[in-house]
Amino acid sequence: MLQKIRDLWNNPTSMKTRRYANVIYDVSWNVLLLTIISVVLIGFLGAGIGVGYFASLVKDMPTPAYKTMTSQINTYTSTSNIYFGSGERIGNYTTDEVRVPIPMEKVSPYVVDALLATEDVEFYEHDGVVPKATLRAILQEATGSEDRTGGSTLTQQLIKNQMLTNEVSFERKAKEILLALRLEKAMDKDEILNAYLNVVSFGRNSMGRNISGIEAAANGVFNTSAEKLTLPQAAFLAGIPKNPFFYTPYYQGGVIKEDVSGAVNRMKTVLNRMYVAGKITQEEYDAAYNYDITQDFMKTQSKPRDKYPYVVQWAEDEARLIVRDHLLAQDGVDVSELNTEDRQEVLSTYARRAHNALRQGGYNIKLTLDKGIYEAMQKPAKNDGNFGPNNVKDPENGPEQTSSIMLENKTGKILGFVGGRYINGKTDDFNRARQMERQIGSTAKPLLVYANAIEQDLITTDTVIVDEKYNYQYGSEPDTIPVRNEDLKYAGPMTAREALKRSRNVPAVKIYEERANFVQDTEKLVKMGMNVPDADRTAPSMALGVSSVSLSSLASGYAMLANMGEHVEPYIVESVEYQGEPIYQHQEKKTRIYEDRTAYLIIDMLRDVYTSGTATYANSLLQVPGDWMGKTGTTQDRRDSYLVGSTPGVTLAVWTGYDKENGLDDTGRYGRYYQRTQNMWSQIANNVYGVKPEIFASNARFNQPSSVTAKDFKDSGSFSEKKKVEEKEKEEEEKKKEEEEKKREAEEAKEEAEEKKQEAAADAAAKKKEEEARAKAEAEAKKKAEEEAKKKAEEEAQQEAEQPAEGNADSDGA
């Protein structure tokens, strides 16, 4: 056909035909030329308009310096982490977004290949923008197309995330393009890719929290590191950024979605693109394509605050104060120079800054807590059988509660604690070991009464005090308010050792009042971090622990005794790091409270509490060997019950009671209230010994210092009751002698009466014997007489019988 046209054109049948052909050719060529010129002109015009429009969109945008851009791109939030002192990670500082920065060298190559094949296949070739892709995206946006392929390179996405907003507009897109082109000159490709891997959103993790960055995604979805991601795992994660909250496998609460087919199909799309790009083989593709990725999903995880509620709360509160003070120091702000109102405002402002810094700054907070010890301590608090009535939460009274704390004596480290009991496996938000302040009862006696009295030579361990009816002084008025022992009885004279061991109240109040240095003595408690209001500092009832004290402060008081009188402030945050540099490292705060002599004598007395005193029940349950010393305590109406015990290694304090300060049950099937406290204490000690026996220093003893002499174990103090005791002892001795004399006289009278009785009995027996002999003799005489009479009668009868015969003979003869 072409040949025919060519022949007709070259060999026209007529000149007329040839003329028409030339006209048609000329017109066609001119039209084509005009069309081409018009298109070119329109193209230039459109390009000019486009360039002009583009310029108008970015005309007000300042051009950032390369250094500024690099800094802004590489500045992204990083979640702060909390760690046990034993090294285990507890979790994040509470935040809505979790991010764990990681260098690209530690990311699986599968991830890089998957992201580039899916998001930006020409990443290493373009200069930050792919024009055709951008034009396609703009046309799709302008026409409202439902099938949008996206036109942003990884560089553009990074610009959007770090320097711009998510606003959908041509102005934002224009700025994005311009900044992307500039960023490619400020950073190399690997630096851009590294930043992208740490910035991009991956939806939610198994706790339901938002996650950004590949390391947080690997941890939160597959419980692995980005370095160890498998091919199907990498493909799955690489598919999420296209639509994070559609493709993420978790709901907000961390529950796995019922239908994850969309995310799985997206994973398969990523695998296909990797195969087409030549990043994986056919065998790898087939294996990953058919792999059940859902089996790798982490099950729903509890948040750190759910698993370790009291720990995270305490750690965050302490960390905020530490970072607040660090920021104040950085800015050169000295709050002591401010008035009260300004000081509070400044502290509040910096506290908010500290909170935001901890949420986003990637701090590492290391605690003193030992994970094994902490978890061992929780077990008794989870057993309802260890508690009294109201085992089920009562809206009115609440359940019987507990708290405990264990300190390392030498350092003040809080090794573990119990903030409250567990009900149905859960705790509340009130940390009783830290936040609660309650009266401490008789646990105050060794720290406040006996120690001060021994230090001032008022008493020794064997000073005798009379436990008798006694009244407090009130102000300057003595003998006004009755002092009662718990058993409502009085035991008479006893040594200080015995009084402390048996926790008698009257002797303690007598000693405290006679010393009469209330303010000076309570200052010792203040130095140990205990709260003593001004009104209580002059009250004799302080001898019985009426001031409210936190459990950690109480425990530190007994740790002070274990340290031979040196107090070490308890603490829970060991260090805080920022960007690998320590901004805080705890420094021990030591204060000498008592002489070593005083501390040892108190320790020696408190040993008896376990062996033969008020803590013998705890001792019967205790399986931890060692040189134990400690003290029990009970407040009025049994509202609080304590046991604090120490070895040379650690101090363990336990409290039981009700939040509303109701009295503890002391009857029925729950047993005595103090037995529940001591049982809790022993269970905790035994559990901790099972996981960390060395902390108790069971092989060590509280060594007697050279300052302690034999005199300290005799009644050599100046206590005023000594004469009274001596008089009372003399009176008792005289009374005893009088009673013994009466007893002797009574015994003598009894003996005399017994002798008389025996003599009378002997006389009666002799008389009876005599009468019996007389009667026998008379009987024998009578019998003899009767026999003689009978014999005589028989003889007379015989004679009479013989006489008549003779008479008759005579008569016949006459």
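Numbering of residues begins from 1 in every chain and follows the order in which that chain's sequence is written. Local features in this predicted model are restricted to residues whose pLDDT is 70 or higher, and side-chain atom pairs enter the listing and the counts only when it is 80 or higher, whereas totals over whole chains, interfaces and linings include all residues. In computing side-chain values, all of the structure's heavy atoms are included and hydrogens and water are not.

Novice: Describe the sheet that holds strand β2 (residues 89–92), listing the residues and the values that go with them.
Specialist: Being paired, for any two strands, means DSSP has found at least two bridges between them. Elements are defined by DSSP. Helices are runs of H or I of four residues or more, strands are runs of E of two residues or more, and each kind is numbered from the N terminus. Spatially, the five strands line up as an open sheet ordered β2-β1-β6-β16-β17, and their pairing is mixed. A strand with exactly one partner marks an edge of an open sheet, and here the two such strands are β2 and β17 (581–585). Neighbour-to-neighbour, the strand axes of this sheet turn through a mean angle of 20 degrees, independent of strand direction. Relative to strand β6 (residues 363–367), strand β1 (residues 81–83) runs parallel, the two sharing three bridges. Looking at β6, one finds that Asn81 is bridged to Asn364. Of the strands in this sheet, β1, β2, β6, β16 (573–578) and β17 are in contact with helix α15 (residues 309–330), which crosses β6 at around 120 degrees. Only the contacting stretch of a helix is used when fitting its axis, a line to C-alpha atoms as for every element, and angles between N-to-C directions run 0 to 180 degrees. In what follows, a contact means two residues having at least one pair of non-hydrogen atoms within 4.5 Å.

Novice: So what's going on with the nonpolar core? Residues and values would help.
Specialist: Nonpolar cores are built from buried Ala, Val, Leu, Ile, Met, Phe, Trp, Tyr and Cys residues. Side-chain atoms within 4.5 Å join them into one set. Burial classes follow relative accessibility: with a 1.4 Å probe on protein chains only, a residue under 20% of its type's maximum area counts as buried, one over 50% as exposed, and anything between as partly exposed. Within the largest apolar cluster, 118 residues are counted, with the highest numbers of intra-cluster contacts made by Phe417, Tyr450, Leu561 and Trp681. Among residues more than four places away in sequence, those in contact with Leu561 are Leu447, Ala599, Ile602, Ile603, Leu606 and Met629. If you look at the next biggest cluster of nonpolar residues, it comprises 63 residues, including Phe222, Tyr250, Met274 and Ile293.

Novice: Give a description of the side chain of Ser646 that names residues and reports values.
Specialist: Note that Ser646 resides in strand β20 (residues 640–646). Given the relative accessible area of 0%, Ser646 is considered buried. Among the polar contacts listed, one links the side chain of Ser646 to the side chain of Thr651, at a separation of 2.7 Å. Within 3.5 Å is the distance limit for a polar contact, defined as a pair of N or O atoms, with the added protein rule that one can donate a hydrogen and the other accept it, and that residues adjacent in sequence qualify only through two side-chain atoms.

Novice: Before we move on, can you summarise the packing of aromatic side chains with the specific residues and values?
Specialist: Here the aromatic set is Phe, Tyr and Trp, taking the six-membered ring for Trp, and pairing holds for ring centres within 6.5 Å; pairs whose planes are under 30 degrees apart are stacked, those over 60 apart are edge-to-face, and all others are tilted. Applying the stated rule across the entire model yields 21 aromatic pairs. On the numbers, 6.1 Å between centres and 40 degrees between planes, the contact of Tyr610 with Trp628 is tilted. Residue Tyr610 is located in helix α23 (residues 596–611), and its partner Trp628 is located in the loop between α24 (616–621) and β19 (629–634); the two are separated by 18 residues in the primary sequence. You can call Trp628 buried: its relative accessible area is 6%. Each residue in the set Phe84, Tyr308, Trp314, Tyr374 and Phe417 is aromatic and connected to the rest through ring pairs, giving one cluster.

Novice: Pulling in residues and values, what's your account of the pairing of β17?
Specialist: Relative to β17, β16 is paired through four bridges, and the arrangement is antiparallel. If you follow Ser575 over to β17, its bridge partner there is Gln585. As consecutive antiparallel partners, β16 and β17 are separated by two residues, and within that stretch Gln579 has a phi angle of approximately 55 degrees, a positive value.

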